[in-house]
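The lines below spell out each chain.
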Amino acid sequence: MVVKIIIIGSGVGGTAVAARLSKKGFQVEIYEKNSYNGGRCSLIYQNGHRFDQGPSLYLMPKIFEETFEDLGEDIKNHIELLKCPTNYSVHFHDGETFELTTDISKLSRSLEKYEGSGESTLINFLNYLKLTHLYYRKSVKKALQTDFQHWYDFFNPRHIPDVIQLHLLDTVYNKVSKYFKSDYMRKAFSFQTMYLGMSPYDGLALYSLLQYTEIAEGIWYPKGGYHKVLEILEKIAVQHGAKFNYNADVQEIIIDDKGVAKGIKLVNGDVVNSDIVICNADLTYAYNKLLPKTSYAEKLDKKEHTSSSISFYWSMNTIVSQLNVHNIFLAEKYKESFDQIFKDHTLPDDPSFYVNVPSRIDPTAAPEGKDSIVVLVPVGHLSNEPNIDFDKLVNKAREQVIDTIEKRLKISNFRSMIDHEKVNDPRTWRNEFNLWKGSILGLSHTFLQVVWFRPSLKCNIFKNLYFVGASAHPGTGVPVVLCGAKLLENQLCDRFLKSKAKLSLWSKCVSFLISLLTLLFLWISLFFNKT
């Protein structure tokens, strides 16, 4: 008997798991509210200009390669990857700049400007790189590629050494400060937590793995836009029989009186039945809007969510040569700006922001002699404050960005270079993509919202319901969600395609007792690990 699976949403997770499951012989149907796939990982077009609506940093390339290998494909046969000649141009408040690059000799000379020319500068950097490599290697294996379906999967003796080594009670900024003495470099090596929609003063130290992958593996860009990855995954899924339905907005997930997911009901009234439902829609949104009311839905609403953004998509009438592919403009009052985002849930008085120029590396992103520019200004997610004037906030952000670019890059007429503008703000992310509170990256990655503590791929309330995406295990970010798609494939294949011996009651009891005894020791280890 062929198992029928419905997937709600064709974002990265939904499309990847559709390709995986259809290849395994499942009957897969995808229902997407928009007219295009990819969700936030989609494209915007305007008079020959092309913009990546969301992700623009192609990181952790090995995970993409492994995804395509699992599908029997070589990613190089489908996507032309362009390596960014330099990772970032980092612009500080006083006009100083720093080039973050994979060229270690060049990077070493740049570090000396801020950290001093002594031997300790390079040694400290190499020690930092060694530590972040450890974070990267262990996090991929233990967090991204490990399923935590049960609490005793997490509270297991074999995890204790990793918990100690990963410094789970330290923060990114604190850890960076142990290796860099200048305020400039502490900022330059800590802002990357914004990839996770978090403050470097709150992000767990292990997220310094992001800095490692940038330096060791580089930053890449798929020619034609990041969406090329999604286009190929959808093509592979369709080749294996998957059916994508667009402009098909899901109104509810149908749960019978026994608590079993039986299918979906669309906004137009159509009902589609299935054996399994996989939700790639925002998880907090799904529990609050698509499923019967539960106390868990209210609990999710109160959990910490990532930031939102005001994103500008500018069609330029000329080439802005002062900008590289990736540009970071950092606030003078660094910590205060993050506090305004994550504590006050608003636009900082002095924001840090990111500028992406895809046409700098891929000429197809803009007409000849012109640039396409994306500006991402992190802001707080939507709060319960009803009187926020978002139009005013957008205008304020625009003026702040343009003034900062003109001042730091010494451009007097940047505003006149903008031919056309499109804007996404927290309302856009909420309304167009059903992102809860307009949070662009879902649930935050605090200590009590990762690994086993994060919502699992398999729903623990309703049967035959699964999740994949940013707010489900293992977490947010395109490569991380791709790992989640593989974990979910393994779960469903184990359930439907493999006949395996069940653990004896005695084996389960032994496993339970060992995990229970480990729990106390694990927490004691955590609280004694302060460095």
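Relevant structure appears above.
Every value quoted in this text rests on a predicted model; they were computed, and no experiment measured them. In this numbering scheme, every chain counts its residues from 1 along its sequence in written order. Owing to the predicted nature of the model, reporting of local features is limited to residues with pLDDT of at least 70; listing and counting of side-chain atom pairs is limited to 80 or more, with chain, interface and lining totals taken over all residues. The side-chain values count all of the structure's non-hydrogen atoms but skip hydrogen atoms and water molecules.

### Some remarks on the packing of aromatic side chains
Here is step 1: Only Phe, Tyr and Trp rings take part, Trp by its six-membered ring, and two of them pair if their centres are within 6.5 Å. Stacked means planes under 30 degrees apart, edge-to-face means over 60, and tilted covers everything else. Within the structure shown, the criterion is met by 30 aromatic pairs.
Here is step 2: Between Y287 and Y296, the aromatic rings sit 5.0 Å apart at their centres with planes inclined by 80°, giving edge-to-face as the arrangement.
Here is step 3: A relative accessible area of 22% means that Y296 is categorised as partly exposed.
Here is step 4: Members of the aromatic cluster, each reached through a chain of ring pairs, are F92, F98, Y114, F125, Y128, Y179, F180, Y184 and F189.
Here is step 5: The criterion for a charge sitting over a ring is simple: Lys NZ or Arg CZ within 6 Å of the ring centre, and within 35 degrees of the ring normal. We note K335 situated over the ring of Y201; from NZ or CZ to the ring centre the distance is 5.5 Å. When accessible area is computed with a 1.4 Å probe and restricted to protein chains, residues below 20% of their type maximum are described as buried, those above 50% as exposed, and intermediate ones as partly exposed.

### Here we look at the sheet that holds strand β17 (residues 372–379)
Here is step 1: In short, DSSP must find at least two bridges between two strands for them to pair. Every helix listed is a DSSP run of H or I at least four residues long, and every strand listed is a run of E at least two residues long, numbered separately from the N terminus. Spatially, the 7 strands line up as an open sheet ordered β7-β6-β15-β16-β17-β14-β18, and their pairing is mixed. Of all the strands in the sheet, the pair left with one neighbour each is β7 (97–100) and β18 (418–424). Adjacent strand axes in the sheet meet at a mean angle of 20°, parallel and antiparallel pairs treated alike.
Here is step 2: Bridging between strand β6 (residues 88–91) and strand β15 (residues 326–329) involves 3 bridges; their strand directions are parallel. Bridge pairing in β15 links H91 to F329.
Here is step 3: Contacts are assigned to residue pairs with any non-hydrogen atoms lying within 4.5 Å of each other. Here, axes are lines fitted to C-alpha atoms. For helices the fit covers the stretch in contact, and angles between N-to-C directions go from 0 to 180 degrees. Strands β6, β14 (308–316), β15, β16 (353–356), β17 and β18 of the sheet are contacted by helix α14 (residues 390–409), whose axis makes an angle of about 60° with β14.

### Digging into a negative patch on the surface
Here is step 1: In this scheme, patches are assembled from residues that exceed 30% relative accessible area and form no salt bridge. Like charges are connected within 9 Å, while nonpolar side chains (Val, Leu, Ile, Met, Phe, Trp, Tyr) are connected within 5 Å. Here the Shrake-Rupley method, with its probe set to 1.4 Å, supplies the accessible areas, and only the displayed protein chains count as covering residues. Basic side-chain nitrogens of Lys or Arg form a salt bridge, by our definition, when they fall within 4 Å of a carboxyl oxygen of Asp or Glu. In this tally, Asp and Glu contribute negative charge and Lys and Arg positive charge; neither His nor the terminal groups of the chain are included. Charge placement uses NZ in Lys and CZ in Arg. For Asp and Glu, CG and CD serve respectively. Where like charges cluster on the molecular surface, the negative patch consists of E65, E66, E69 and D74.
Here is step 2: Looking at the secondary structure, you find E69 in helix α2 (residues 61–70).
Here is step 3: The class for E69 is exposed, based on a relative accessible area of 54%.

### Some remarks on unusual backbone geometry
Here is step 1: Across the junction of H473 and P474, the peptide omega takes the value 5°, indicating a cis bond.
Here is step 2: By the element assignment, P474 lies in the loop between β19 (465–467) and α16 (478–496).
Here is step 3: Here the phi dihedral of N434 falls at roughly 55°; this positive angle occurs in a residue that is not glycine.
Here is step 4: Along the chain, the position of N434 falls in the loop between α15 (426–433) and β19.
Here is step 5: When its relative accessible area of 14% is taken as the criterion, N434 is described as buried.
Here is step 6: The phi angle at K437 is positive, at roughly 60°, despite the residue not being glycine.
Here is step 7: Checked against the element boundaries, K437 lands in the loop between α15 and β19.
Here is step 8: Given a relative accessible area of 21%, K437 falls into the partly exposed group.

### Describing the packing of helix α3 (residues 104–115) against helix α4 (residues 119–144)
Here is step 1: Between α3 and α4, whose axes approach to 9 Å, the crossing angle comes to 120°. Taken as axis vectors, α3 and α4 run oblique relative to one another. Considering only the axes of α3 and α4, their crossing is right-handed. Where α3 approaches α4, its residues I104, L107, S108, L111, E112 and E115 are matched on the opposing element by T121, L122 and F125. In this scheme, roughly parallel covers angles under 35 degrees and roughly antiparallel covers those over 145, while 65 to 115 is roughly perpendicular and the rest are oblique. The crossing is said to be left-handed when, going from far helix to near helix, the turn is anticlockwise and less than a right angle, and right-handed when the turn is clockwise.

### Topic: the sheet that holds strand β10 (residues 250–255)
Here is step 1: The 3 strands are arranged β10-β11-β12 in an open sheet whose pairing can be described as antiparallel. Unpaired on one side and paired on the other, β10 and β12 (271–273) mark the two borders of the sheet. Neighbouring strand axes in the sheet, compared pairwise and without regard to direction, differ in orientation by 25° on average.
Here is step 2: The sheet contact formed by strand β11 (residues 261–266) and β12 spans 3 bridges and is antiparallel.

### A look at helix α11 (residues 283–290)
Here is step 1: With respect to burial, α11 is a largely interior element, 7 of its 8 residues being buried.
Here is step 2: Those residues of α11 that fall on the buried side of the exposure criterion are L283, T284, Y285, A286, Y287, N288 and L290.

### Quick word on the pairing of β14
Residues in a regular strand project their side chains so that they alternate between the two faces of the sheet.
Here is step 1: With 9 of its 9 residues buried, β14 lies for the most part within the structure.
Here is step 2: Side chains S308, I310, F312, W314 and M316 of β14 all project onto a buried face; the interleaved residues S309, S311, Y313 and S315 project onto the opposite face, where all are buried too.
Here is step 3: One ladder, built from 8 bridges, connects β14 with β17; its direction is antiparallel. Across the sheet, residue S308 finds its bridge partner in β17, namely V379.

### Brief notes about the pattern of salt bridges
Two side chains bearing opposite charge may form a pair once their charged atoms approach each other closely.
Here is step 1: In this structure the tally under the stated criterion is 22 salt bridges.
Here is step 2: Taking the shortest distance from any N to any O, the salt bridge between E489 and K24 comes out at 3.9 Å. Separated by 465 residues along the polypeptide, E489 in helix α16 and K24 in the loop between α1 (12–23) and β2 (27–31) bring together distant segments of the chain.
Here is step 3: Residue class for E489 comes out buried when judged on its relative accessible area of 8%.
Here is step 4: Under the relative-accessibility criterion, K24 is labelled partly exposed at 44%.

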